[in-house]
Amino acid sequence: MSKAYFDYAAKRLLQAIVVILLSYVFTFVVVSILPGDPITNVLNNPQNGFTPNEIKEIIAAQGLDKPIPVQLWSAFSGFVTGDLGLSMRTNRPVATLIAEVLPSTLVLASAGLAVALFLAAIIAYGTQFLPRRFGQGLLRGFPSLFLSVPNFVIGLVLIHLFGFQLGVFRVIEPDSFWATLFAAIALGIPISAQIAEVLIANLDHESGQDYAAVARGRGLGQMRLFVTHLLKPSSLPVITVVALTIGELLGGSLITETVFGRNGLGSLVQRSVSTQDLPVLQAVVSLAAVVFVVVNLIADLTYPLLDPRVKLLGGQERRPTTADDSSLPISKAVTR
Amino acid sequence: MTLASVSSTPRATGIGRLTGLRVPPVVILSFLVVALAIGWSLAPGLFTHYDPVNGTPAQKLLGPSAAHWFGTDHLGRDLYARVVYGTASSVASALIAVVIGVVAGGIVGLLAGFFGGWVDTVFARLVDVLLAIPKFLLAVIVVTAIGFDTTNAAIATGVSAVALFARVMRSEVIKTRQATFVESSFLLGGSRWHILWRHVLPNASRSVLPLAVLQFGDSILVIASLAFLGYGDPPPASDWGLLISIGKDYLKWPWLVYAPALVTIATVLSVNRISRWLRETD
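About the thresholds
Residues numbered from 1 in each chain as written. Chains lettered and ligands numbered in written order. Predicted model: local features only at pLDDT ≥ 70, side-chain atom pairs only at ≥ 80, totals over all residues. Heavy atoms only, no water. Helix = DSSP H or I, 4+ residues; strand = E, 2+ residues; numbered from the N terminus. Buried < 20%, exposed > 50% of the residue type's maximum accessible area, 1.4 Å probe, protein only. Contact = heavy atoms within 4.5 Å. Areas by Shrake-Rupley, 256 points an atom, 1.4 Å probe, with all protein chains shown as cover. Lys, Arg positive; Asp, Glu negative; His and termini not counted. Charge placed at Lys NZ, Arg CZ, Asp CG, Glu CD. Buried area = accessible area lost by both parts, 1.4 Å probe. Salt bridge = Lys/Arg side-chain N within 4 Å of Asp/Glu carboxyl O. Polar contact = N/O pair within 3.5 Å; in protein donor to acceptor, adjacent residues only side chain to side chain. Phe/Tyr/Trp six-rings, centres within 6.5 Å; stacked < 30°, edge-to-face > 60°. Domains from an automatic or database assignment. Nonpolar A, V, L, I, M, F, W, Y, C, P; charged D, E, K, R; others polar. Expected span 1.5 Å × (residues − 1). Axes fitted to C-alpha atoms, helices over the stretch in contact; angles between N-to-C directions. Parallel < 35°, antiparallel > 145°, perpendicular 65-115°, else oblique. Left-handed = near helix turned anticlockwise from the far one by under 90°. Patch = residues over 30% accessible without salt bridge, like charges linked within 9 Å, V, L, I, M, F, W, Y side chains within 5 Å.

Caption draft 1: Fine view of the overall build of chain B. Per the secondary structure count, chain B includes 12 helices and zero strands. Referenced to the eigenvectors of the C-alpha coordinate spread, the extents of chain B come out at roughly 80 × 55 × 25 Å. When the 282 residues of chain B are sorted by exposure, 51% land in the buried category. Summarising the internal contacts of chain B: among those between residues at least 6 apart in sequence, 68% fall at separations of at least 24. Per element, the accessible surface of chain B, about 13100 Å² overall, is 68% carbon and sulfur. Measuring between centres, the 20 positive side-chain charges of chain B sit 8 Å from its 14 negative side-chain charges.

This is how it looks when you write it as structure tokens:
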């Protein structure tokens, strides 16, 4: 482990902490300066049936009568020490509310990621073995098709076909194995497209390199060439792409949970949105940002250890092939 | 030989470039689909004579037929008419979202890339923060804060795309700034704003165009998702996402989901194909 790596790691760690803290402040500011405030929208709404005394209590407990910078400071210091505050609607600790639904979302998100990786691998590696004119074009067309289908439509089609027509799973039992699997497929398909696009681009790039031509010249078959030469260098950069899709995995499960009727973070967000329960929303967004930043930090820190071609120069990372400064697979495809 | 090679590279004027292009049939089809969507949104009355709001209860939940291309819904309204009339807000709101993303993100990226130094550092952290929050969650938060309707959903979608455009613009600007013609313009005494406006912006925006088209398709999806969750205009509006959301309660009559879904997919697929074609011909 070189000094350059430690410099790089320290710099990335510091950056990650700054981004997490700033994203909390950012969310708070967005939620509080924009028009629409919870006192008039929720508490004074006769539909919710709060008595004037209760309203006063909630306002005092949440500190809604204080100026925004003061509110921000108390919420922010709470966040740093791990206190997420109380839910405005149920008056229970936000951390407890999140802890109740988190496992369901974690199961769905990890299953969705597994589906996405599996599909992406089949599509991208498949292009290496199908004949160029027949079949390959079809495989290469999948990512753009997958990117054009809203994931709630995939979910509804799966429910209609497998739930209602074929009876593989019962819609009223959303946590059963089959229901979870189909929810994961609905979540994973759009994400697989992004991973597959990068994977295909990397494979094309690597198989055009001199070393691949030399290997072909030595008489290596496509299978040997792929396994021994192309697989590793084209797949490693995907680690960073997968880390970047974490956000979409979380955002996508919000919709997928609604479609499949699962009780997870997504439905918590839905309930909190309809009641303008800002502390809960704030906490969920911050949690998502923390997860995203930490996963990307881990990816960025392990990547130089896995790929010997990466050179760390004065705390700056130099990545090989396509993974330069563009962040998302889409922008990558454009700027390349 | 020399003459031939010189004359074979004419100056690329707008029309010259268009006629010189060989447009693949798929792309022509994509343009037709997009043109149809634009037609639907500008003059829906030309494409259907049914009323999208008031139906004939006696004709509820009919399957697709010659009279009702997409069938009818639970109130006996022609679904094709509902889709056609819903296009305007589905497509126009995606346009609003893209404009917000391109303008705000473009300005941030332009300033960060061109001036560098502390401006770049500040904007880079801002973009990092925007990227750290899942795009869809960010859109949900913004639309919660400003209220549920389709225009607000479009604004929220635009805000969630700012970071993407800022990033691409910044890297393009940095690339352009190092070009020799920019350096020579500096040496000729060009002011910073002149160079920014005359040289850097036009060159950097080249790769922003295909991205903006791509983002247009993506915005249609995000806005449909927001409408699906009920954060857009309430019924009797007929945004595509809302139609699918209503249809999901009537899965025994699956065309109520499939018809608006297919229209959405066809539109987004066409937009994405056009974006790829723009990228390839650039």
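Caption draft 2: Just the interface of chain B and chain A, in detail. Each partner contributes to the interface: chain B provides 47 residues, whereas chain A provides 53 residues. In total, about 4400 Å² of surface goes out of reach between chain B and chain A, with carbon and sulfur atoms giving 79% of it. The three residues of chain B that bury the most area against chain A are Leu137, Ile141 and Leu251 of chain B, which together make up 13% of that side's buried surface. For the pair chain B and chain A, the number of links is zero salt bridges. On inspection of chain B and its partner chain A, the count reaches three residue pairs in polar contact (both at pLDDT 80 or more).

Caption draft 3: Structural detail: the packing of aromatic side chains. Residue and element names in this part refer to chain A. Summed over the entire model, instances satisfying the criterion amount to 14 aromatic pairs over all chains. Between Tyr5 and Tyr8, the ring centres sit 6.5 Å apart and the planes meet at 50°, which makes this aromatic pair tilted. In this pair, Tyr5 and Tyr8 both sit in helix α1 (residues 3-33), three residues apart, roughly one turn of the helix. Exposure remark for Tyr8: the relative accessible area of 2% places this residue in the buried category.

Caption draft 4: Examining the pattern of salt bridges more closely. Counted under the stated rule, the structure contains nine salt bridges over all chains. One salt bridge in this structure joins Arg92 of chain A and Glu100 of chain A, with 2.5 Å as the shortest N-O distance. Between Arg167 of chain B and Asp128 of chain B there is a salt bridge, with its nearest N and O atoms 3.8 Å apart. One end of the pair, Arg167 of chain B, is in helix α7 (residues 150-177); the other, Asp128 of chain B, is in helix α5 (residues 117-132), with 39 residues separating them in the sequence. Since its relative accessible area comes to 16%, Asp128 of chain B is described here as buried. When salt bridges with common partners are traced through the structure, they connect Arg125, Asp128 and Arg167 of chain B into a single cluster.

Caption draft 5: Main features of the domain arrangement of chain A. All names here are of chain A. According to the domain assignment, chain A contains domain 1 (1-89 + 278-321) and domain 2 (101-274). With 18 residues of domain 1 in contact, the opposing surface of domain 2 contributes 21 residues. Taking both partners together, domain 1 and domain 2 bury about 1600 Å²; carbon and sulfur atoms supply 75% of that area. Counting across the interface, domain 1 meets domain 2 through zero salt bridges. Joining domain 1 to domain 2, the criterion identifies one residue pair in polar contact (both at pLDDT 80 or more). For the side of domain 1 that touches domain 2, a count of residues per class yields 11 nonpolar, two polar and five charged.

Caption draft 6: A look at the environment of His49 of chain B. All names here are of chain B. Mapped onto the elements of the fold, His49 is located in the loop between α3 (25-42) and α4 (79-115). By relative accessible area, which is 71% here, His49 ends up exposed. Taking C-alpha positions, His49 is 7.7 Å from Ala81, a pair spaced 32 residues apart along the chain.

Caption draft 7: Molecular detail of helix α9 (residues 192-204) of chain B. All names here are of chain B. Taking 1.5 Å per residue as the helical rise, α9 with its 13 residues ought to reach 18 Å, whereas the 16 Å between its terminal C-alpha atoms falls clearly short. Turning to α9, its buried residues number three or more, namely Ile195, Leu196, Val200 and Ala204. For α9, the elements touching its buried residues are α4, α7, α8 (180-187) and α10 (208-228).

Caption draft 8: Focus on the packing of α4 of chain B against α5 of chain B. Residue and element names in this part refer to chain B. Close contact between α4 and α5 brings their axes to 7 Å; oriented N to C, the two are set at 140°. When the axis of α4 is compared with that of α5, the two are oblique. In this structure, the crossing between α4 and α5 has a hand that is left-handed. Across the interface between the two elements, Val108, Leu111, Ala112 and Phe115 of α4 pack against Gly117, Val119, Asp120, Phe123 and Val127 of α5. Considered class by class, the residues forming the contact of α4 with α5 number seven nonpolar, one polar and one charged.

Caption draft 9: Quick peek at the environment of Val143 of chain B. All names here are of chain B. Along the chain, Val143 turns up in helix α6 (residues 135-146). Here Val143 falls in the buried class, since its relative accessible area comes to 0%. If we ignore the near neighbours within four places in the chain, the residues touching Val143 are Phe148, Asn152, Ala153, Ala156 and Tyr231.

Caption draft 10: Geometry of a nonpolar patch on the surface. Residues and elements named next belong to chain A. On the surface, Leu13, Ile17, Leu21 and Val80 cluster together into a nonpolar patch covering about 330 Å² of accessible area. Residue placement: Leu21 occurs in helix α1. Note on Leu21: relative accessible area 31%, which makes it partly exposed.

Caption draft 11: Molecular detail of the side chain of Asn296 of chain A. All names here are of chain A. In this fold, Asn296 is placed in helix α14 (residues 278-306). A residue is classified by how much of its surface remains accessible, and Asn296, at 9% relative accessible area, is buried. When residues no more than four places from it in sequence are discounted, the contact partners of Asn296 are Arg12, Thr240, Ala243 and Leu244.

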